[in-house]
Amino acid sequence: MRDAVIVDAVRSPIGRRNGGLAGMHAVALSGHVLQQLALRTGIDPTVIDDVHWGNVISIGQQSGNVGRMAVLAAGWPESIPGFTIDRQCGSSQQAISTAAAAVISGQADVVVAGGVEMMSNVPMGAANVADTGDMGGPAVTRYADVLHSTPGFDGRFNQGAGAELIARQYRLSRTQIDEYAVESHERAAAAQDSGDFDAEITSVQFGDQKIVCDEGIRRGSTVDKLASLKTPFLQDGVITAGNASQISDGASALLITTSEKAKSLGLTPLARVHTAVVAGDDPVKMLTGPIPATALALERSGLSIDDIDAFEVNEAFAPVPLAWQIETGAKSDRLNPVGGAIALGHPLGASGARLATTLLHYLQRTGGRYGLQTMCEGGGTANATIYERI
């Protein structure tokens, strides 16, 4: 029976907004990551059947099928196709799922999955064609009365408002949320200092500057400092720039094939794609999808929450992993053990592959067997994927 294994996973450093990667073209950064993936594995690109590439704001430099353009920018043969996937923040996690499905079904033998987002150059909302209060438009106007009728909200339909609603639902205080954000930075700083990210990051040369590490980590962050920040989504709310994911630039890529094909190519897999699911949930809160997605992944895998050695739950806003943890009962030391998007950043279309890359390398370092990643997505959906280290 065919399976799907991941041979290697690599990512660029995550650049902060207007940081070291800001002037780089999305296609150029994507091409660089593809080149490095081939170099690290020693694979001949001619054996690659397809490239599945995540991207969210497909406008400007990210338009025109950035997945296909990445192949050409990498200098790979023009015979290799590529396409671009938009499942909002879960785009490149979905790319992993479609790549795994392709090799398991026999439609392909070797596929690259990943994604890119250059938010310094192509900001969130750049592709909106109407003032819908962020995202949604006519398709979600029937939900608008939820926010209109909720004290303190102005009816705007966006993820920040959703995060505030989740904090209210789970009675998460500003202090709890800020404490989580500080811990994300502390864990990421400790991982960076100990070299834990070195194996997953490929440096990027842009002009006369070489970017070698993630730029978003704020050392010395404290709850007192975060308490001074404004709450833009709700007066006297809890969500601030300090406890939300950072606007970032970056790209990530994974090489996916079958066990049999990997053996014939002389490649040693890191892990197997054990279970991959996607779920829909409340489109107003928008960010609670990881809860039912995780439950579905565990049900289909036959595993329990305690069987999972590490979780990567995207830190779009601090209430997302906190609410997820309350519902699942996952242990704190297994949740985002090297920090998350609050500290490292959230380059939308690249984040799913970034989480996978970080999780797989973490399992390699620690000897853990199972890892689960999940992330909330615009419109109230979420992917959940379980990996088994080989």
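Residues numbered from 1 in each chain as written. Predicted model: local features only at pLDDT ≥ 70, side-chain atom pairs only at ≥ 80, totals over all residues. Heavy atoms only, no water.

It is worth spelling out the UniProt feature "domain: Thiolase C-terminal" (unreviewed entry) in the protein chain at this point. Per the UniProt annotation, the sites labelled "domain: Thiolase C-terminal" (unreviewed entry) are residues 267–388. The span residues 267–388 carries 37% helix and 25% strand; its end-to-end C-alpha distance comes to 17 Å. (UniProt positions renumbered as here; feature names shortened; annotations may be inferred. Helix = DSSP H or I, 4+ residues; strand = E, 2+ residues; numbered from the N terminus.)

In this model, Asn 18 sits at a positive phi of 60°, which is unusual for a non-glycine residue. Looking at Asn 18, the relative accessible area reads 59%, which means it is exposed. In this structure, Asp 236 is a non-glycine residue whose phi angle is positive, near 60°. (Buried < 20%, exposed > 50% of the residue type's maximum accessible area, 1.4 Å probe, protein only.)

The feature "active site" (unreviewed entry), as annotated in UniProt, sits at Cys 89, His 346 and Cys 376 in this numbering. Spatial clustering of the annotated residues is evident: they stretch over 288 residues in sequence, but the largest pairwise C-alpha distance comes to 12.0 Å. In this structure, Cys 89 is in contact with Val 56, His 346, Leu 348, Ser 351, Gly 352, Met 375, Cys 376 and Glu 377, ignoring residues within four places of it in sequence. If you trace the backbone, His 346 turns up in the loop between α11 (341–344) and α12 (348–366). Residue classification places His 346 among the buried residues on the basis of a relative accessible area of 4%. Leave out the neighbours within four places in its chain, and His 346 touches Cys 89, Met 119, Ser 245, Gln 246, Ser 248, Asn 314, Ala 341, Ser 351 and Met 375. (Contact = heavy atoms within 4.5 Å.)

Further remarks concern the side chain of His 185. Tracing the sequence through the fold places His 185 in helix α6 (residues 174–193). Leave out the neighbours within four places in its chain, and His 185 touches Gly 216, Ile 217, Arg 218, Gln 246, Ile 342 and Ala 343.

Residue placement: Ile 6 occurs in strand β1 (residues 5–11). Here Ile 6 falls in the buried class, since its relative accessible area comes to 0%. The sequence separation of Ile 6 and Arg 389 amounts to 383 residues, and the corresponding C-alpha distance is 9.5 Å. Apart from residues lying up to four places away in sequence, Ile 6 is in contact with Leu 254, Leu 255, Ile 256, Pro 269, Leu 270, Ala 271, Val 273, Leu 360 and Tyr 387.

Turning our eyes to something else, we now look at the pairing of strand β3 (residues 50–54). The buried fraction of β3 amounts to 5 of the 5 residues, a majority that puts the element mostly inside the structure. As paired elements, β3 and strand β5 (residues 110–118) share 5 bridges and run parallel to each other. Residue Trp 53 lies in a different strand from β5, and its bridge partner there is Gly 114. Sheet topology note: the β3/strand β4 (residues 82–85) ladder contains 4 bridges and is parallel. What sits directly across from Gly 54, in β4, is Ile 85. In this region the chain leaves β3, passes through helix α2 (residues 66–73) and returns to the parallel neighbour β4; the handedness of that crossover is right-handed. (Pairing = 2+ DSSP bridges. Right-handed = clockwise from strand over helix to strand, strands pointing away.)

Our focus in this paragraph is the packing of helix α1 (residues 26–41) against α2. Put simply, α1 and α2 touch, their axes get as near as 8 Å, and they point 60° apart. With respect to each other, α1 and α2 are oriented oblique. The crossing of α1 and α2 is right-handed. Along the contact surface, α1 presents Val 27, Ser 30, Gly 31, Leu 34 and Gln 35, while α2 presents Val 66, Met 69, Ala 70, Val 71 and Ala 73. (Axes fitted to C-alpha atoms, helices over the stretch in contact; angles between N-to-C directions. Parallel < 35°, antiparallel > 145°, perpendicular 65-115°, else oblique. Left-handed = near helix turned anticlockwise from the far one by under 90°.)

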